[in-house]
Amino acid sequence: FEEVITAESDRGSAASLSARYALAGKARALRRLGRHVEADEQTERTLERLRDALGPAHWESLRAALEVVHARKRAGRTVEALATAQEYARAGRELDPAPADVYPRLELVAGELCLELGDLAAAREHLAFAERVRAAATTANGGYAAELDAAWDSCRRMESESAGQ
């Protein structure tokens, strides 16, 4: 299966897009079967293929990056998840207009991971970018506004705690 998909995705044709969707579908199927490690590896391979074929600043690459970030978070690989979130969030800033469904979510997740790791300045940077697209993102992402507000609250709490010490 994967050899056929790989050959199609390397062709650079309309079939290549279908092939990339098939690779992402394989990761979802593996996850549903409880084969999480294999699913995470497939998700990583899908991101690599998309990045190579389309570049990091493409909405499909951003979507795949978000899946990789979540997979790494689930696996407890927070630092790696943050590095990927930051890389692709910065790439998403180059898009005009940025995709309202994926890009803001990357900025938000990057901000949350920065908070988790105690990097307040980086968290504020990512949350500020996430805030800039709040209206469009709230329409595209149910719950986005509440998650962004919660991240800002965490940021302010962290600032208060560090100022009080």
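These notes cover the structure that comes with them.

Side note on the nonpolar core
Core analysis: the biggest nonpolar cluster contains 32 residues, and V69, L106, L113, L127 and L148 have the highest contact counts within it. Broken down by secondary-structure element, the contributors of at least two residues to this core are α3 (36–54), α4 (59–74), α5 (78–92), α6 (103–116), α7 (120–132) and α9 (144–164). Looking at which element gives the most residues to this core, the answer is α6, with eight residues. Ignoring sequence-local partners within four residues, the contact set of V69 consists of A81, T84, A85, L106, V109 and L113.

Quick notes on the side chain of R72
Its location among the elements puts R72 in helix α4. We classify R72 as buried; its relative accessible area is 12%. The residues touching R72, leaving out its near neighbours within four places in the chain, are E44, R77, T78, E80, A81 and T84.

A short note on the side chain of T78
In this structure, T78 sits in helix α5. Other than its neighbours up to four places away in sequence, T78 contacts R72, L113, E116 and L117.

Considerations on the packing of aromatic side chains
This structure, assessed with the given rule, holds zero aromatic pairs. The positively charged end of R132 is found above the aromatic ring belonging to F129, 4.3 Å away from the centroid.

Some remarks on the packing of α6 against α9
Packing of α6 against α9 brings their axes to within 10 Å, and their N-to-C directions diverge by 25°. By the angle between their directions, the pair α6 and α9 is classed as roughly parallel. The way α6 lies across α9 gives a crossing that is left-handed. Residues P104, R105, L108, E112 and L115 of α6 pack against Y144, E147, L148, A151, S154, C155 and M158 of α9. Tallied by class, residues from the contact of α6 with α9 come to eight nonpolar, one polar and three charged.

Observations concerning α6
The first and last C-alpha atoms of α6 sit 20 Å apart over 14 residues, in line with the 20 Å expected at 1.5 Å per residue. Burial of α6 is extensive: 12 of the 14 residues sit out of reach of the surface. Every buried residue belonging to α6 is among Y103, P104, R105, L106, E107, L108, V109, A110, G111, L113, C114 and L115, and all of these are buried. Remark: G118 follows α6 within two positions and exhibits a positive phi of approximately 85°.

As for the packing of α5 against α7
One way to put it is that α5 packs onto α7 with a least axis distance of 11 Å and a crossing angle of 40°. Crossing hand, α5 versus α7: left-handed. The segment α5 lies against α7, with Q86, A89 and R90 engaging A122, E125 and H126. For the contact of α5 with α7, the residue count by class is two nonpolar, two polar and two charged.

Here we look at the state of the cysteines
The final tally for this structure, using the stated rule, is zero disulfides. You can see C114 has no disulfide; the closest cysteine sulfur is in C155, sitting 9.7 Å from it.

Let's talk about the pattern of salt bridges
When the charged atoms of two side chains lie near each other, side chains of opposite charge can form a pair. Applying the stated criterion to the full structure yields 11 salt bridges. Salt-bridge contacts for E38 lead to R35; the nearest nitrogen and oxygen are separated by 2.7 Å. Exposure remark for E38: the relative accessible area of 34% places this residue in the partly exposed category. Of the charged contacts in the structure, one is a salt bridge between E44 and R77, with a shortest N-O distance of 3.6 Å.

Rules used in this analysis
Residues numbered from 1 in each chain as written. Predicted model: local features only at pLDDT ≥ 70, side-chain atom pairs only at ≥ 80, totals over all residues. Heavy atoms only, no water. Core = buried A, V, L, I, M, F, W, Y, C linked by side-chain atoms within 4.5 Å. Buried < 20%, exposed > 50% of the residue type's maximum accessible area, 1.4 Å probe, protein only. Helix = DSSP H or I, 4+ residues; strand = E, 2+ residues; numbered from the N terminus. Contact = heavy atoms within 4.5 Å. Phe/Tyr/Trp six-rings, centres within 6.5 Å; stacked < 30°, edge-to-face > 60°. Lys NZ or Arg CZ within 6 Å of the ring centre and 35° of its normal. Axes fitted to C-alpha atoms, helices over the stretch in contact; angles between N-to-C directions. Parallel < 35°, antiparallel > 145°, perpendicular 65-115°, else oblique. Left-handed = near helix turned anticlockwise from the far one by under 90°. Nonpolar A, V, L, I, M, F, W, Y, C, P; charged D, E, K, R; others polar. Expected span 1.5 Å × (residues − 1). Disulfide = S-S within 2.5 Å. Salt bridge = Lys/Arg side-chain N within 4 Å of Asp/Glu carboxyl O.

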